[in-house]
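# Secondary and tertiary structure notes
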Amino acid sequence: MQKIALFAGSFDPFTKGHESIVLKALQIFDSIVIGIGTNTSKKYLFPIEKRVQHIEGIFKGNDKVSVVVYEGLTVNYCSEHNIHHLIRGLRNTQDFEYETSIAHVNNSLTHIETVFLLTELKYSALNSSIVREIYKSKGSIDSFVTHSELLV
Ligand code: ADP
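Residues numbered from 1 in each chain as written. Predicted model: local features only at pLDDT ≥ 70, side-chain atom pairs only at ≥ 80, totals over all residues. Heavy atoms only, no water.

### Notes on the pattern of salt bridges
Side chains that differ in charge, positive against negative, can pair when their charged atoms come close. Throughout the structure, instances matching the rule amount to six salt bridges. The partner of Glu 120 in a salt bridge is Lys 122, and the shortest N-O contact between them spans 3.6 Å. Salt-bridge contacts for Lys 136 lead to Glu 133; the nearest nitrogen and oxygen are separated by 3.4 Å. Here Lys 136 pairs with Glu 133, and both are found in helix α5 (residues 128-136), just three residues apart, close to one helical turn. (Salt bridge = Lys/Arg side-chain N within 4 Å of Asp/Glu carboxyl O. Helix = DSSP H or I, 4+ residues; strand = E, 2+ residues; numbered from the N terminus.)

### Regarding helix α2 (residues 48-58)
Along α2, the positions that sit buried rather than exposed are Arg 51, Val 52, His 54, Ile 55, Gly 57 and Ile 58. Among the structural elements, α1 (16-25), β2 (31-38) and β3 (65-71) are those in contact with the buried residues of α2. (Buried < 20%, exposed > 50% of the residue type's maximum accessible area, 1.4 Å probe, protein only. Contact = heavy atoms within 4.5 Å.)

### What to know about the site of the ligand
The immediate surroundings of the ligand are formed by 17 residues, with Ser 10, Gly 89, Thr 119, Tyr 123 and Leu 126 found nearest. In the environment of the ligand, an oxygen atom lies 3.0 Å from a nitrogen or oxygen atom belonging to the backbone of Phe 11. At a separation of 2.9 Å, a nitrogen atom of the ligand approaches a polar backbone atom of Tyr 123. For the ligand, the protein covers 85% of the area, taking 550 Å² as the surface of the free molecule. Split by residue class, the shell around the ligand holds six nonpolar, six polar and five charged. (Near = heavy atom within 4 Å. Polar contact = N/O pair within 3.5 Å; in protein donor to acceptor, adjacent residues only side chain to side chain. Areas by Shrake-Rupley, 256 points an atom, 1.4 Å probe, with all protein chains shown as cover. Nonpolar A, V, L, I, M, F, W, Y, C, P; charged D, E, K, R; others polar.)

### Regarding the packing of aromatic side chains
With the rule as written, the count across this model stands at six aromatic pairs. The interplanar angle of 50 degrees and the centroid separation of 5.2 Å between the aromatic rings of Phe 7 and Phe 11 together place this pair among those described as tilted. As far as the burial class goes, Phe 7 and Phe 11 line up, both buried. An aromatic cluster is present here, built from Phe 7, Phe 11, Phe 14 and Phe 59 joined pairwise through their rings. The cationic tip of Arg 51 hangs over the ring face of Tyr 44; the distance from NZ or CZ to the ring centre is 4.3 Å. (Phe/Tyr/Trp six-rings, centres within 6.5 Å; stacked < 30°, edge-to-face > 60°. Lys NZ or Arg CZ within 6 Å of the ring centre and 35° of its normal.)

### Considerations on the environment of Asp 95
Relative to the assigned elements, Asp 95 resides in helix α4 (residues 93-110). When near neighbours in sequence (up to four residues on either side) are disregarded, Asp 95 contacts Gly 89 and Leu 90.

Spelled out as C-alpha cells, the structure:
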C-alpha cells in the first residue's frame, strides 16, 4: 500500500522552509500531497493560481509530489481522499504547542496521525508573513523562496 501524506497550509507563499519539510517527508512517505487550504474569510497576498503554479514549478519533474487546493477542514479532505497522515513542520516550541493541540483534535475527529518534522536550523526563523512583508516593500525574497519568479 502506498503511504501518502498531506502537507497542508496556506503557503502564502511557499518558502524554502516548507520545501525542506516536503523533502524530509519524502524520505518517509511514498508521496506527498501539498494541500493549499483556502478560507473565504481570510485575505491572501498571492492569488491561489499563483501559489499552485509556484509550488508545481518547484517540484516539476518529481511525480511523488502533487498540489491540491481544498476548502474546509483538512481532516475532511483526508477522509474523502483516503489519506491517513498529516505532515507539519516545527520551528520552535511555540509551533510545537500550537501544533500538538491541533493534532490531538484532528486525531480525535478522524484517527488521522500527524507526523512532525523539525525544520532545518537555517530556516527556523523563516515564516511566510516575513516574506510577504519583504515582498510588499519591494525587497528581494529570493533567499527565502525557490523560483520566486513564478509568483509574479
Ligand atoms: P498555516 O497558515 O496553516 O500556519 P503555513 O503555510 O504558515 O500554514 O505553514 C504550513 C506548515 O509549514 C506548518 O506546519 C508550519 O509549521 C510549517 N512551516 C512554516 N514555516 C516553516 C519553516 N520555516 N520551516 C519548517 N516548517 C515551516
